[in-house]
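Coordinate analysis (summary)
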Amino acid sequence: MLSKYAFGKTVNMSYEEAVARATAALAKEGFGVLTEIDVAATLKKKLDKDIPPYRILGACNPQLANRALEAEPQIGALLPCNVVVRVDAGGRTIVEIMDPRAVLQLVGRPEIAAIASEVRSRLERVLASL
């Protein structure tokens, strides 16, 4: 699965297992999960709308984030890297990751592009491990 702004795949595991394994894989690559948004629960509470499980993990690698912030203080508006774990209409569990190169190219600075490439490589390893 690939778009202009994300990459991902269908995984052969339950939603709960995918959330746990994605979180552990992120940690192995130096990312902490700063935020977790349970989109399904929020839509149920706010709109009384039922959707399949859908969670957004806001992942951040402190060393890489620091380098990016030192180079471009406004870049915080583009952080953290979002990792989505969701169940589609067919019941399949999907993990999708924001492509940092797509988002950070908006900055247009070579030093940021280099950081984005490093982040992308780490996130590709996260996805490959699932």
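Here, every reference points to the structure presented above.
As the structure is a prediction and not an experimental result, all values here were calculated from the model. (Residues numbered from 1 in each chain as written. Predicted model: local features only at pLDDT ≥ 70, side-chain atom pairs only at ≥ 80, totals over all residues. Heavy atoms only, no water.)

**Remarks on the state of the cysteines**
Counting across every chain of the model gives zero disulfides. Between Cys-60, a cysteine without a disulfide, and Cys-81, which holds the nearest cysteine sulfur, the sulfur-to-sulfur distance is 7.5 Å. Among the residues examined, Cys-60 registers a relative accessible area of 17% and is labelled buried. (Disulfide = S-S within 2.5 Å. Buried < 20%, exposed > 50% of the residue type's maximum accessible area, 1.4 Å probe, protein only.)

**A word on the pattern of salt bridges**
Using the criterion set out here, one finds 14 salt bridges in the structure. With a closest N to O distance of 2.8 Å, Asp-48 and Lys-44 form a salt bridge. For Asp-48, a relative accessible area of 56% translates into the label exposed. Here Glu-96 and Arg-86 are joined by a salt bridge, their closest N and O atoms 2.9 Å apart. Here the residue Glu-96 occupies a position in strand 5 (residues 93-98), and Arg-86 occupies one in strand 4 (residues 81-87), the gap between them amounting to 10 residues. (Salt bridge = Lys/Arg side-chain N within 4 Å of Asp/Glu carboxyl O. Helix = DSSP H or I, 4+ residues; strand = E, 2+ residues; numbered from the N terminus.)

**Observations concerning the sheet that holds strand 3 (residues 54-60)**
What links the strands of a sheet is backbone hydrogen bonding, and the strands pair in either a parallel or an antiparallel sense. With antiparallel pairing, five strands are arranged side by side in an open sheet as 1-5-4-3-2. At either margin of the open sheet sits one strand with a lone partner, and together these are strand 1 (6-11) and strand 2 (32-38). Shown here is a sheet whose adjacent strand axes are inclined to one another by a mean of 20 degrees, direction ignored. Where strand 2 meets strand 3, six bridges bridge the pair, whose relative direction is antiparallel. Bridged to Gly-32 within strand 3 is Cys-60. Running at roughly 10 degrees to strand 1, helix 5 (residues 110-128) makes contact with strand 1, strand 4 and strand 5 of the sheet. (Pairing = 2+ DSSP bridges. Axes fitted to C-alpha atoms, helices over the stretch in contact; angles between N-to-C directions. Contact = heavy atoms within 4.5 Å.)

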